[in-house]
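Residues per chain, in single letters:
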Amino acid sequence: MKIFSVFAATFLLVALPAAAETAPKACAPGSTTTIAEGALCGMVSAKADDIFVYKGLPYASPPTPANNLRWMPPRPPQGWSGERPAVEFGAICPQYAADGITLQGDEDCLTLNVWTPKSAIGGKTALPVMVFIHGGSFTSGAGSLATYDGAALAAMGPVVVVTVNYRLGSLGFLFADKAAGGMLEHPIPGNLGLMDQQAALSWVKTNAAAFGGDPDKVTVFGESAGAMSVGLHHFAIPSSGPLFRASIMESNPMGVLYPVPAEASANGQEFIDALCGAAVAPQDCLPSFANLQDYSLRQVFRAANVYELNRLQNEADVGFLQSMPWGPVIDATLVSGQPLNGYTPQNLAHPKPFIFGMNGNEGVLFAGIACAAFASNHGEVNPNPAEAAQCLATGAKASMMNTRWYDGAIAALYGVDGLARITAFNDARGQTPYAVRSLKGTDFYNAAAQAMAAVSGDDTFICANLRSANRALTQAPRQPVYAYSFTQPPLFDLLAGSGSQACTPANGMVCHGDELAFVFNTLDVTTAEFNGVLPVPAANHHLAKAMGKAWTGFARDLSPPGAWRPYGQSGEALVWNGDGRAPVMTARLAADAHCRTLWDKVDGDGVKPAPP
């Protein structure tokens, strides 16, 4: 298994199957509607009798070599004559399967799926619309995954739910303007995956009414890399402003800073050199736009493997969130700044209400899967649980994931001065939570991984999200902002099969991604897929319904129902937990994560400047 493929899995969810429908794949009576591209019909959801689902709707033309559209911005979709049956999910965008080896998907993948109440078709409803952007480290995932089935949310609101595919990996986030022989004839602009998302939002704006939705009441939401995307559209992509009115960011690693063109160009040149190396000598390679279309998909992924392996060998911080091999670029054309800094001046023209939140143990999943990757031997997971927990390859006596590795990674991320300050930091109890030498490790990973989990969870998630929200409230104080903390212990292990035991229910860690099955109320299918505890306890179902009501209520009214008070006025984060805990003050979250005493100082008094 490729180590970068393992890391990509941490941005969830990779291994889930497409949502299963047991009903016959034929159009349902009364489901016909007409959008800009033509008439279509859907089917009754297998999850809810009162919901129609429309699958595989193209929101852009296929970005394929056959159309000369690979590595090109999305073009409008083509229309059709007659009635189109929308009863099959579209292809997922090209990516590796969970084994990190098998290539799956198709470049003709720019489709979306819609769930809407039956009564909304042909009626005069104007329901809120919720558009979900999936996570997956910008290298994996799809809108058709079973956890993202929108039937329960659509029925609960009622709302119209949309899930989206967008280009991934090098096909979606390659920024390339140079090759070994000079400038590319047709530079690849980067951020194509973000452009795809924007095209999908534009499609929703145009066609929402055909499904009973209100085009002026669109809420965009996402988790992990999906939340990173939402944050970019909300805070830093001015052209997205008119396309939605509110957003929800679940587990956004807000502390991750995006590269600027100079850095992205250097990475892109490495990829282009590797791609040309699959066909001709790199020193003779000055590819034209045409022959970039000519490479096979397997050649494209082979070049990506070479580039990612170079990153793995040359970067000390591989395993931390900041080491993603693919992702957005602050290009000043589409993306105008770092969301960590709040609204860019251009986006401040369209300030919007938003919800943001984190899970109880965000860093554990990343540290656990990194530890498991370091414990592998020639790509095979270490079969010895005790050795794997200490990150030892089979037959090894010492782990690569050790104090030296950790110190090098922290120095790469925060500088030598930052390393000294972070590892020497003493909390109120006199402990040093970020120094490997003072930690003992756990049953599921070693001391270096334990320190890594603390840094990722505290700085990248908690402190960075609070910092960004505070900045946004200062800029736009009239816009409601709501915060949450999800602390419900899991029923399943999202790392199942990875070699790590970090997120097993027995350990009680509330890991990155654990809230998704609650938000979509798809606990049964997700728990079954990850061999969790069945039947799902009633308390978990009650919590899922409450979260769904809150998410859809926010989409409807821009304020969640119940006692969830705005973050800016109360300083509270609502705790989502089946035991009915009261809200927690975000000051407590910040104190426990050492935001004011350490991370805001290390990161520069709370606001990181955008790169030049």
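Residues numbered from 1 in each chain as written. Predicted model: local features only at pLDDT ≥ 70, side-chain atom pairs only at ≥ 80, totals over all residues. Heavy atoms only, no water.

What to know about the overall build of the chain
Here is step 1: The number of helices and strands found in the chain is 18 helices and 18 strands.
Here is step 2: Its C-alpha atoms give the chain a radius of gyration of 23 Å, near enough to 25 Å, the size a compact globule of 612 residues would have.
Here is step 3: Along the longest, intermediate and shortest principal axes, the C-alpha atoms of the chain span 65 × 65 × 50 Å.
Here is step 4: Evaluated residue by residue, the chain yields a buried proportion of 61% over its 612 residues. (Helix = DSSP H or I, 4+ residues; strand = E, 2+ residues; numbered from the N terminus. Rg over C-alpha atoms; globule rule 2.2 N^0.38 Å. Buried < 20%, exposed > 50% of the residue type's maximum accessible area, 1.4 Å probe, protein only.)

Focus on the sheet that holds strand E13 (residues 213-223)
Here is step 1: Reading across the sheet, the 11 strands line up as E3-E4-E8-E10-E9-E13-E14-E15-E16-E17-E18 and stay open at both edges, with mixed pairing between neighbours. The strands lining the two open edges of the sheet, one partner per strand, are strand E3 (43-44) and strand E18 (584-585).
Here is step 2: Together, strand E15 (354-359) and strand E16 (481-486) form the strand contacts of helix H12 (residues 447-475), whose direction differs from that of E15 by roughly 165°. (Pairing = 2+ DSSP bridges. Contact = heavy atoms within 4.5 Å. Axes fitted to C-alpha atoms, helices over the stretch in contact; angles between N-to-C directions.)

A closer look at the nonpolar core
Here is step 1: With 194 residues, the main nonpolar core has Trp71, Phe211, Phe271, Met401, Tyr406, Trp551 and Trp576 as its most contacted residues.
Here is step 2: A per-element tally of this core places H12 first, with 16 residues.
Here is step 3: Other than its neighbours up to four places away in sequence, Met401 contacts Ala367, Ala370, Cys371, Phe374, Cys391, Asn446, Ala448, Ala449 and Met452. (Core = buried A, V, L, I, M, F, W, Y, C linked by side-chain atoms within 4.5 Å.)

So, the environment of Thr344
Here is step 1: If you trace the backbone, Thr344 turns up in the loop between helix H8 (297-314) and E15.
Here is step 2: By relative accessible area, which is 5% here, Thr344 ends up buried.
Here is step 3: With 109 residues separating them in the primary sequence, Thr344 and Phe235 have C-alpha atoms 6.1 Å apart.
Here is step 4: Excluding residues within four positions of it along the chain, Thr344 makes contact with Phe235, Ala236, Ser336 and Gly337.

Things to note about the sheet that holds strand E5 (residues 83-85)
Here is step 1: What the 3 strands build is an open sheet, ordered E1-E2-E5; its pairing is mixed. Strands with a single pairing partner mark the edges of an open sheet, and in this sheet they are strand E1 (33-35) and E5. Here the strands of the sheet are splayed against their neighbours by 40° on average, with no regard to which way each runs.
Here is step 2: Here strand E2 (residues 38-41) runs beside E5; their pairing, made up of 3 bridges, is parallel. Each bridged residue has a counterpart across the sheet, and for Leu40 the counterpart in E5 is Arg84.

With respect to the pairing of strand E17 (residues 572-576)
Here is step 1: Among the 5 residues in E17, 5 count as buried, and that is most of the element.
Here is step 2: Side chains of E17 alternate between two faces, with Glu572, Leu574 and Trp576 and Ala573 and Val575 buried alike.
Here is step 3: By the bridge criterion, 3 bridges tie E16 to E17 in an arrangement that is parallel. Considered in E17, the bridge of Phe486 is made with Trp576.

Structural notes on the state of the cysteines
Here is step 1: Under the defined criterion, the tally for this structure stands at 5 disulfides.
Here is step 2: Residue Cys503 pairs covalently with Cys511 via a disulfide, S to S 2.0 Å. Linking Cys503 and Cys511, the disulfide has an S-S dihedral of approximately -95° and is accordingly described as left-handed. Like Cys503, the residue Cys511 is buried in the burial classification. (Disulfide = S-S within 2.5 Å.)

A look at the confidence of the model for the chain
Here is step 1: In the predicted model, the chain carries a mean pLDDT of 91, and the fraction of residues at 70 or more is 93%.
Here is step 2: Note that residues 1-24 has pLDDT below 50 and, in this model, 98 contacts with residues that lie over four places away or in other chains.
Here is step 3: A low-confidence stretch, residues 605-612 stays under pLDDT 50, and its non-local contacts, those more than four residues away or across chains, total 18 contacts. (pLDDT = per-residue confidence, 0-100.)

Comments concerning the packing of helix H11 (residues 403-424) against H12
Here is step 1: Their axes nearest at 10 Å, the elements H11 and H12 cross at an angle of 25°. Looking at the two axes, H11 sits roughly parallel to H12. Once H11 is placed against H12, the crossing between them reads as right-handed. Note on element contacts: H12 touches H11 through Ala448, Ala451, Met452, Val455 and Asp459, opposite Trp405, Tyr406, Ile410 and Tyr414.
Here is step 2: Residues belonging to the contact of H11 with H12 are distributed by class as follows: 8 nonpolar, no polar and 1 charged. (Parallel < 35°, antiparallel > 145°, perpendicular 65-115°, else oblique. Left-handed = near helix turned anticlockwise from the far one by under 90°. Nonpolar A, V, L, I, M, F, W, Y, C, P; charged D, E, K, R; others polar.)

As for the pairing of E15
Here is step 1: In terms of residue burial, E15 counts as a mostly covered element, since 6 of its 6 residues are buried.
Here is step 2: The side-chain alternation of E15 yields two buried faces, one formed by Phe354, Phe356 and Met358 and the other by Ile355, Gly357 and Asn359.
Here is step 3: Note: strand E14 (residues 246-250) against E15, 4 bridges, orientation parallel. When the bridges of E15 are listed, Ser247 appears paired with Phe354.
Here is step 4: Note that E15 and E16 share 6 bridges and pair parallel. Residue pairing in the sheet places Ile355 in a bridge with Tyr482 of E16.

Some points on the packing of aromatic side chains
Here is step 1: Under the definition given, this model contains 33 aromatic pairs.
Here is step 2: Here Tyr482 and Trp564 contribute two aromatic rings whose centre-to-centre distance is 5.9 Å and whose plane-to-plane angle is 75°, an arrangement assigned as edge-to-face. Highlighted residues: Tyr482 in strand E16 and Trp564 in the loop between helix H15 (538-557) and helix H16 (567-570), separated in sequence by 82 residues. Like Tyr482, the residue Trp564 is buried in the burial classification.
Here is step 3: Among the aromatic residues, ring-to-ring pairing joins Tyr482, Tyr484, Trp551, Phe554, Trp564 and Trp576 into one connected group.
Here is step 4: In this arrangement the basic side chain of Arg70 is found over the ring face of Trp71, its NZ or CZ atom lying 5.5 Å from the centre.
Here is step 5: Above the face of the Phe244 ring, Lys352 is positioned so that its terminal group lies 4.7 Å from the ring centre. (Phe/Tyr/Trp six-rings, centres within 6.5 Å; stacked < 30°, edge-to-face > 60°. Lys NZ or Arg CZ within 6 Å of the ring centre and 35° of its normal.)

Considerations on the pattern of salt bridges
Here is step 1: According to the stated counting rule, one finds 13 salt bridges in the structure shown.
Here is step 2: Residue Lys205 pairs with Asp216 through a salt bridge whose shortest N-O separation is 3.1 Å. Separated by 11 residues along the polypeptide, Lys205 in helix H4 (residues 192-207) and Asp216 in strand E13 bring together distant segments of the chain.
Here is step 3: The exposure class assigned to Lys205 is partly exposed, which follows from its relative accessible area of 28%.
Here is step 4: For Asp216, a relative accessible area of 53% puts it in the exposed group. (Salt bridge = Lys/Arg side-chain N within 4 Å of Asp/Glu carboxyl O.)

Digging into the packing of helix H9 (residues 362-374) against H12
Here is step 1: Running from N to C, H9 and H12 point in directions that differ by 140°, and their axes come no closer than 7 Å. Viewed along their axes, H9 and H12 adopt a mutual orientation that is oblique. Relative to H12, the crossing made by H9 is right-handed. Within the contact between the two elements, H9 uses Glu362, Gly363, Val364, Phe366, Ala367, Ala370 and Cys371 and H12 uses Ala449, Met452, Ala453, Ser456, Gly457 and Phe461.
Here is step 2: Residue composition of the contact of H9 with H12, grouped by class: 9 nonpolar, 3 polar and 1 charged.

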